[in-house]
Amino acid sequence: MSSIPTVIAVPRLEQPGRLTQARVAVSEWTKLHSLRSTRWSLLAATVLTIGFPLLFATILSTRANPLQEHRHSALEVALAGVNVSQLAIAVLGVLLITGEYSTGMIRATFTAVPKRLPVLWAKLVVYAVASFLLMLPCVLIAFFGSQAILGRKDLLQISFTHPGVARAVIGGAVYLMLVGIFAMGLGAIVRNTAGGISTFAALFFVIPPLLNVLPTTWNDAISPYLPESAARSIFALTTDAHSLAPGPGLALFCGYTALAIAIAAVLLVRRDT
Amino acid sequence: MAARLVGMIEAQGLTKDYGEKRAVDGLSFTVQPGVVTGFLGPNGSGKSTTMRLILGLDAPSAGDVTVNGKHYRDHPTPLHEVGALLEARSVHTGRSAYYHLLALAQTHGISKRRVTELIDLVGLHEVARKRAGKFSLGMGQRLGIATALLGDPSTLLLDEPVNGLDPEGIHWIRNLLKSLAAEGRTVFVSSHLMTEMALTADHLIVIGRGKLIADTSVEEFVRRASGGTVLVRSPQASSLRDLVLGEHVSVTSTEPGLLEIGGLTAEQIGETAATHGIVLHELSPQQASLEEAFMELTRGDVEFKAGETASPSVADGVAA
Ligand SMILES: Nc1ncnc2c1ncn2[C@@H]1O[C@H](COP(=O)(O)OP(=O)(O)O)[C@@H](O)[C@H]1O
Ligand SMILES: [Mg+2]
């Protein structure tokens, strides 16, 4: 730059557009795909959801002892990755909110969208759609891929059209999507990355095994209603006496998710940034 | 073409408490379009808090503030009403400048073309695809300016915009602010430096410890606060002295050919000299004394705890 102009003409905007919910969703989609952390988390979720079942199936099919196969079910193999990839999905859900707070981006976001709630709705919808559309093919590939590998040894074969199988496989993707937006709700409540991830880990990985120290009757009475076990019933093929059926489980976890989001929404509008 | 640029900020008894701490204390002021209004106060006096209150990022504990007649959040096209550069960083460090601007633009259906136009305007073309986390302070400020201009706003809020800029960048910002005001926009810009404000602003709102100290034109402030001393060296010093002497003007002389004139700006003295063909060898406003005067004015409000009546005479003298 050689000399500084005295008059700096800012180009005028021909048509200033209104702020709409749909436009905020487009904006949130841009935010989602323009971060490296998003791409890495989603890549990790993809690799884990598909990779684990294929690895699991390969190991089983190379085993000599056919007796051992009965310890496992076809769906357990096909959905083995979901248990691991849920962590990547949950961490990203938390980060998509808390990353804005830790960097200060939230102030720019709320300056553009001062009513704030449209941002929360847009983030939830965009992440739900993106994670489901990505995870659905992943669980399908995991199912058919693991079946093909096991099929070479004629092990654990089950048809996709067998009652409950399609529901359980697609349920795996639904589960991941719901876990993601549940985590997003937690992130919006605590507004802090470490806090959000710890809260999720506590609810999903720490508290459920801790309940095993309770007397069995208590444990059986409480466990099915925890967020984690309610959510898992979505992709369980068989339900025992102490777990919820897929329908009620899904409904209960949707309830937990709605509660987290409702708390987040109230706090979002009230708190200073 | 968006012809309507007229905007106004109106604060009424604006107050903000953070726990025990009162950051903003009963501020009432109006910021008018068409001029650069400086928002002046020492560090910690509540300028950034006031900016956040105007944007609704923080909620006032009492009082009210509107932009163009409404609460900021009630405008259907917020970015077209107000563009803001906040003091605290407001950019995701992992996102490129281009996508940062694009995401904010998309909330109002603003085109990609405008995003690139603004990137060019602020001189970030070469780094637009780099992660904003790698930006220097100056580049960050430029990105903030581009963000503020996205919606072609009628009002601009800029919190310490020259922070971290090199002299060339500071000069550029000054010209930008003046250009924006000349187009009829409302330009509200904060600084803790009196000298910076004296160069950029037309009008001043001065605060100390969250309270209004002065709401006045820069000229008036300079005259009242600093005694308006301008150092003049001229071979015709005595003629000049006779010409400028008046009711509000004081002239002292410590050596022949040197005058220290109070009550007039350097511009006024220079023009008087030119009209009467008087040769000037030096004409220098005493900026240091300006800064001192500002510190003098706000010192009571920085130091004393029960400051309600600490410096009434100063406040009266300036706000009058
Ligand atoms: N979020 C906050 N929480 C607590 N105190 C705050 C907060 N923001 C500002 N303050 C306090 O309010 C006062 C005014 O701060 P600020 O508005 O940043 O002043 P300025 O911008 O004029 O330097 C300071 O004493 C500051 O410590
Ligand atoms: Mg500040």
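The structure displayed is predicted, hence computed values, not measured ones.

Peer 1: Just to check I follow, could you spell out the sheet that holds strand β9 (residues 211–217) of chain B for this structure?
Peer 2: One key point about sheets: their strands pair by backbone hydrogen bonds, in either a parallel or an antiparallel sense. All names here are of chain B. Read across the sheet, six strands follow the order β5-β6-β7-β3-β8-β9 without closing on themselves; strand pairing throughout is mixed. The open sheet terminates on both sides in strands that have one partner only, identified here as β5 (82–85) and β9. Sheet twist, expressed as the average angle between the axes of neighbouring strands with direction ignored, equals 15°. Bridging between strand β8 (residues 203–208) and β9 involves six bridges; their strand directions are antiparallel. From the neighbouring strand, Ile-207 faces β9, where its bridge partner is Leu-212. On top of the sheet, helix α5 (residues 137–149) reaches β5 and β6 (155–159); it is set at about 170° to β5, its chief contact. With respect to the sheet, helix α6 (residues 167–182) is in contact with β3 (36–40), β6 and β7 (186–191), its orientation differing from that of β7 by roughly 150°.

Peer 1: How do you make sense of the interface of chain A and chain B when you look at a structure like this?
Peer 2: Think of interface size as the accessible area that goes away when the parts come together; that is how it is often given. Contacts between the two partners involve 45 residues from chain A, matched on the other side by 57 residues from chain B. Here chain A and chain B share an interface that buries about 4,500 Å² over both sides, 60% of which is from carbon and sulfur atoms. Counting the surface chain A buries against chain B, the share from its top three residues, A:Ile8, A:Arg12 and A:Leu13, is 16%. Across the pair A:Arg12 and B:Asp152 runs a salt bridge, and its minimum N-O distance is 2.8 Å. Connecting chain A to chain B are 19 residue pairs in polar contact (both at pLDDT 80 or more). Those elements that provide at least two residues to the side of chain A that touches chain B are α1 (21–33), α4 (82–103) and α5 (105–112) of chain A. Residues that form the side of chain A that touches chain B fall into these classes: 20 nonpolar, 13 polar and 12 charged.

Peer 1: Even after reading the chapter, I still don't get the packing of aromatic side chains, so can you show me in this structure?
Peer 2: Each aromatic ring pair is characterised by the separation of its centres together with the angle its planes make. All names here are of chain A. Evaluated as defined, the whole model comprises 13 aromatic pairs over all chains. With centroids separated by 4.4 Å and ring planes inclined at 20°, the aromatic side chains of Phe-200 and Phe-204 adopt a geometry described as stacked. One end of the pair, Phe-200, and the other, Phe-204, are both in helix α8 (residues 193–210), four residues apart, so they sit about a helical turn from each other. Of the residues examined, Phe-200 reaches a relative accessible area of 2% and is grouped as buried. An angle of 75° between the planes, with centres 6.1 Å apart, marks the rings of Phe-204 and Phe-253 as edge-to-face. A residue pair is termed long-range when its members are at least 10 positions apart, and Phe-204 in helix α8 and Phe-253 in helix α11 (residues 246–270) qualify at 49 residues. The exposure class assigned to Phe-204 is buried, which follows from its relative accessible area of 2%.

Peer 1: Looking at this model, I keep getting lost on α1(A). Mind explaining?
Peer 2: What sets the pattern is the α-helix's 3.6 residues per turn: residues three or four places apart point alike. The first and last C-alpha atoms of α1(A) sit 19 Å apart over 13 residues, in line with the 18 Å expected at 1.5 Å per residue. In this structure, the buried residues of α1(A) make contact with α2 (36–62), α4, α5 and α6 (117–151) of chain A together with α3 (97–106) of chain B.

Peer 1: How do you make sense of a positive patch on the surface when you look at a structure like this?
Peer 2: Taken together, A:Arg36, A:Arg39, B:Arg131 and B:Lys134 make up a surface patch of like positive charges. Structurally, the position occupied by B:Lys134 is in the loop between α4 (112–121) and α5.

Peer 1: Whenever I open this one, the pattern of salt bridges confuses me. Can you help?
Peer 2: Within this structure, the stated rule accounts for 19 salt bridges over all chains. In this structure, B:Lys211 engages B:Asp25 in a salt bridge whose closest nitrogen and oxygen atoms are separated by 3.3 Å. With B:Lys211 in strand β9 and B:Asp25 in strand β2 (residues 21–31), this pair connects stretches of sequence that are 186 residues apart. For B:Asp152, the salt bridge identified is with B:Arg185, shortest N-O distance 2.7 Å. Of this pair, B:Asp152 sits in the loop between α5 and β6 while B:Arg185 sits in the loop between α6 and β7, and the two are 33 residues apart along the sequence. Each of A:Arg12, B:Asp152, B:Glu183 and B:Arg185 takes part in one network of salt bridges that share partners.

Peer 1: Is there a simple way to think about the domain arrangement of chain B in this case?
Peer 2: Per the domain assignment, the segments of chain B are domain 1 (9–217) and domain 2 (228–285). Its C-alpha centre places domain 1 of chain B at a distance of 38 Å from the equivalent point of domain 2 of chain B.

Peer 1: What's the story with α8(A) in this structure? I'm lost.
Peer 2: Residues and elements named next belong to chain A. In this model α8 runs 24 Å from its N-terminal to its C-terminal C-alpha over 18 residues, within 8% of the 26 Å that 1.5 Å per residue would give. Approximately 45° is the largest bend angle found in α8, and it occurs at Ala-202. Within α8, the full set of buried residues consists of Gly-196, Phe-200, Phe-204 and Pro-208. On its buried face, α8 is in contact with α4, α7 (165–190), α10 (227–232) and α11. Where α8 begins, the side chain of Asn-192 points an oxygen toward the backbone nitrogen of Ala-194, at a separation of 3.2 Å.

Peer 1: What is the right way to read the site of ligand 1 from this model?
Peer 2: Residues and elements named next belong to chain B. All residues adjacent to ligand 1 are Tyr-18, Lys-21, Ala-23, Pro-42, Asn-43, Gly-44, Ser-45, Gly-46, Lys-47, Ser-48, Thr-49 and Arg-52. A distance of 3.4 Å separates an oxygen atom of ligand 1 from a polar side-chain atom of Lys-21. Here an oxygen atom of ligand 1 sits 2.6 Å away from a polar atom, N or O, in the main chain of Gly-44. When ligand 1 is considered free in solution it has 560 Å² of accessible area, and contact with the protein chains removes 65% of it. Secondary structure elements with two or more residues in the shell around ligand 1: β2 and α1 (47–55). Sort the elements by how many residues they give to the shell around ligand 1 and α1 lands first, with four residues. In terms of residue class, the shell around ligand 1 is built from three nonpolar, six polar and three charged.

Peer 1: In this structure, what is going on with the confidence of the model for chain B? I would like to understand it.
Peer 2: Interpretation of this model should avoid reading the predicted coordinates in detail wherever pLDDT is low. All names here are of chain B. Averaged over chain B, the pLDDT score is 87; the fraction of residues at 70 or greater is 86%. Contacts of residues 1–5 to residues separated by more than four positions or lying in other chains number 16 contacts, the stretch itself having pLDDT below 50. In this model residues 303–320 is a low-confidence stretch, pLDDT under 50, and it forms 17 contacts with partners more than four residues away in sequence or in other chains.

Basis of the calculations
- Residues numbered from 1 in each chain as written.
- Chains lettered and ligands numbered in written order.
- Predicted model: local features only at pLDDT ≥ 70, side-chain atom pairs only at ≥ 80, totals over all residues.
- Heavy atoms only, no water.
- Pairing = 2+ DSSP bridges.
- Helix = DSSP H or I, 4+ residues; strand = E, 2+ residues; numbered from the N terminus.
- Axes fitted to C-alpha atoms, helices over the stretch in contact; angles between N-to-C directions.
- Contact = heavy atoms within 4.5 Å.
- Buried area = accessible area lost by both parts, 1.4 Å probe.
- Salt bridge = Lys/Arg side-chain N within 4 Å of Asp/Glu carboxyl O.
- Polar contact = N/O pair within 3.5 Å; in protein donor to acceptor, adjacent residues only side chain to side chain.
- Nonpolar A, V, L, I, M, F, W, Y, C, P; charged D, E, K, R; others polar.
- Phe/Tyr/Trp six-rings, centres within 6.5 Å; stacked < 30°, edge-to-face > 60°.
- Buried < 20%, exposed > 50% of the residue type's maximum accessible area, 1.4 Å probe, protein only.
- Expected span 1.5 Å × (residues − 1).
- Patch = residues over 30% accessible without salt bridge, like charges linked within 9 Å, V, L, I, M, F, W, Y side chains within 5 Å.
- Areas by Shrake-Rupley, 256 points an atom, 1.4 Å probe, with all protein chains shown as cover.
- Lys, Arg positive; Asp, Glu negative; His and termini not counted.
- Charge placed at Lys NZ, Arg CZ, Asp CG, Glu CD.
- Domains from an automatic or database assignment.
- Bend = angle between axes of the 7 residues up to and from the residue.
- Near = heavy atom within 4 Å.
- pLDDT = per-residue confidence, 0-100.

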